[in-house]
Amino acid sequence: QPSEVGVILRFGKFIKTTPPGLHFKLPLGIEKAIPVPVEKVYTSEFGFRTQSAGIKTVYSQKSYDGESLMLTGDLNVLDIEWVVQFKIKDPVMTLFNVRNVDKTIRDISESVMRSIVGNYAFNEVLTTQRININNLAQAEMQKILDTYKIGIQIVKIKLQDVNPPKQVKAAFNEVNQAKQEREKLTLTKAERKILRNMIE
């Protein structure tokens with residue numbers, strides 16, 4: 001198919017790859033062709049699972065706290081959901097250098113994300129550093145995958161949702177609301193000066 005390359009084995013040993021199109025191989029089990037989709041973008045989800053995508057996407061109700069709860073640099077806990085998109089860039093490496101591509105990518109991604117989140121403060125991960133974390137995670141993950149020589153290219157890593165854990169989310173929202181109300185009630189220096197002049 002147009003999005004595939006063929007990996008050709010002769011008596012079980014790799015001999016060549018073939019581009020899309022019509023090709024011939026030796027019959028009677030002498031040669032075997034394994035089609036590998038090199039243009040397809042695969043997606044791994046962390047902290048959540050999509051059951052069905054569409055206009056109204058349905059997500060699994062199962063808890064994935066084991067992979068989503070992370071410790072920040074200031075020793076707070078965050079519930080982080082993210083997505084990793086990847087492609088096969090070297091089909092030979094992917095077929096023969098790794099036993100389980102998906103599990104390897106999941107393990108590396110989780111390890112990298114925990115390491116990076118652990119270098120930032122709670123509020124930084126929640127607000128200002130999300131794009132930076134995406135970029136760092138993608139670069140670090142690609143570096144590890146290239147070291148392992150498994151022929152995978154990371155297309156994109158994106159933090160989907162970052163929240164305090166469910167157990168403290170209500171309290172966290174109340175604190176934020178209180179801060180916002182305090183800021184509304186706090187007068188600026190200029191406002192205080194005007195008020196003081198009015199009183200005098």
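For every chain, the first residue of the written sequence is number 1, and numbering continues from 1 along that sequence. It should be noted that, the model being predicted, local features are given only for residues of pLDDT at least 70 and side-chain atom pairs only at 80 or more, the latter also being counted only at that level, while totals for whole chains, interfaces and linings use all residues. Only hydrogens and water are removed before side-chain values are computed, so all heavy atoms of the structure are retained for them.

Caption draft 1: Fine view of the environment of Met-70. Structurally, the position occupied by Met-70 is in strand β7 (residues 69-71). Sequence separation of Met-70 and Ile-80 is 10 residues, and the distance between their C-alpha atoms is 7.2 Å. Throughout, a contact is declared for two residues whenever any of their heavy atoms are within 4.5 Å. Among all residues touching Met-70, those that are not within four sequence positions of it are Asn-76, Val-77, Leu-78, Ile-80, Trp-82, Met-113, Arg-114 and Val-117. For helices the rule is a DSSP run of H or I covering at least 4 residues; for strands it is a run of E covering at least 2, with both sets numbered from the N terminus onward.

Caption draft 2: Summary view of the pattern of salt bridges. Throughout this description, the term salt bridge denotes a Lys or Arg side-chain nitrogen within 4 Å of a carboxyl oxygen of Asp or Glu. Under the definition given, this model contains seven salt bridges. Notably, a salt bridge pairs Glu-31 with Arg-10, separated by 2.5 Å at the nearest N-O pair. Taken together, the positions of Glu-31 in strand β3 (residues 31-37) and Arg-10 in strand β1 (residues 4-10) put the pair 21 residues apart, joining distant regions of the chain. Each residue is assigned to one of three classes by its accessible area relative to the maximum for its type, calculated with a 1.4 Å probe on protein chains only: buried under 20%, partly exposed between the two thresholds, exposed over 50%. Accessibility expressed as a relative area gives 36% for Arg-10, which makes it partly exposed. Here Asp-107 ties to Lys-103 by a salt bridge, and the two come within 2.9 Å at their closest N and O atoms. One end of the pair is Asp-107 and the other is Lys-103, both in helix α3 (residues 101-117) and four residues apart, which spans about a single turn. Here the residues in one salt-bridge network are Arg-49, Glu-67 and Arg-106, joined through shared partners.

Caption draft 3: Summary view of the nonpolar core. For our purposes a nonpolar core is just a set of buried Ala, Val, Leu, Ile, Met, Phe, Trp, Tyr and Cys residues, chained together by side-chain atoms within 4.5 Å. In terms of nonpolar packing, the biggest core is built from 35 residues, with Ile-80, Trp-82, Val-84 and Met-113 touching the most fellow members. Those elements that provide at least two residues to this core are β1, β8 (77-88), α3, α4 (122-128), α5 (130-148) and β9 (152-163). For this core, the element with the highest residue contribution is α3, accounting for seven residues. Ignoring sequence-local partners within four residues, the contact set of Met-113 consists of Met-70, Trp-82, Ile-133, Ala-137, Ile-157 and Leu-159.

Caption draft 4: Molecular detail of the sheet that holds β1. Read from one edge of the open sheet, three strands run β2-β1-β3, paired in antiparallel fashion. Single-partner strands in this sheet number two, and they are β2 (13-18) and β3. If you compare each strand with its neighbour and ignore which way they point, the axes differ by 25° on average. In the sheet, β1 pairs with β3 via seven bridges, with the strands oriented antiparallel. Within the sheet, the bridge partner assigned to Ile-8 lies in β3 and is Ala-33. A pair of strands counts as paired when DSSP detects no fewer than two bridges linking them. Angular values range over 0 to 180 degrees, each being the angle between N-to-C directions of two axes fitted as lines to C-alpha atoms, with helices fitted over their stretch in contact.

Caption draft 5: Just α3, in detail. Multiply 1.5 Å by the residue count of a helix minus one, and that product is the helix's expected span. With 17 residues, α3 extends 24 Å between its outermost C-alpha atoms, agreeing within 8% with the 24 Å of an ideal straight helix rising 1.5 Å per residue. All of the buried residues in α3 are Val-101, Thr-104, Ile-105, Arg-106, Ile-108, Ser-109, Val-112, Met-113, Ile-116 and Val-117. Pairing of N or O atoms within 3.5 Å defines a polar contact, subject to two protein rules: one partner must be a possible hydrogen donor and the other a possible acceptor, and residues neighboring in sequence count only if both atoms are side-chain atoms. Of the residues flanking the start of α3, the one acting as N-cap is Asn-100, its side-chain oxygen 3.3 Å from the backbone nitrogen of Asp-102.

Caption draft 6: Representation of the pairing of β2 in the model. With five bridges joining them, β1 and β2 adopt antiparallel strand pairing. Residue Gly-6 lies in a different strand from β2, and its bridge partner there is Thr-18. Turn length for the β1-β2 hairpin, with the two strands adjacent in sequence and antiparallel, is two residues, and the turn residue Phe-11 shows positive phi of about 55°.

Caption draft 7: Focus on the environment of Thr-94. Among the structural elements, Thr-94 can be located in helix α2 (residues 91-96). Excluding its chain neighbours within four sequence positions, the residues that come into contact with Thr-94 are Ile-88, Val-101, Ile-150, Gly-151 and Ile-152.

Caption draft 8: A look at the packing of aromatic side chains. Stacked, edge-to-face and tilted are the three classes for Phe, Tyr and Trp ring pairs, Trp counted by its six-membered ring, which pair at centre distances within 6.5 Å; planes under 30 degrees apart are stacked, over 60 edge-to-face, the rest tilted. Tallied over the full model, the rule gives three aromatic pairs. Pairing Phe-48 with Tyr-59 gives two aromatic rings, centres 5.9 Å apart and planes at 70°, and the pair type is edge-to-face. Of this pair, Phe-48 sits in the loop between β4 (42-46) and β5 (50-52) while Tyr-59 sits in strand β6 (residues 58-59), and the two are 11 residues apart along the sequence. Residue Phe-48 is classed as buried on the basis of its relative accessible area, which comes to 10%.

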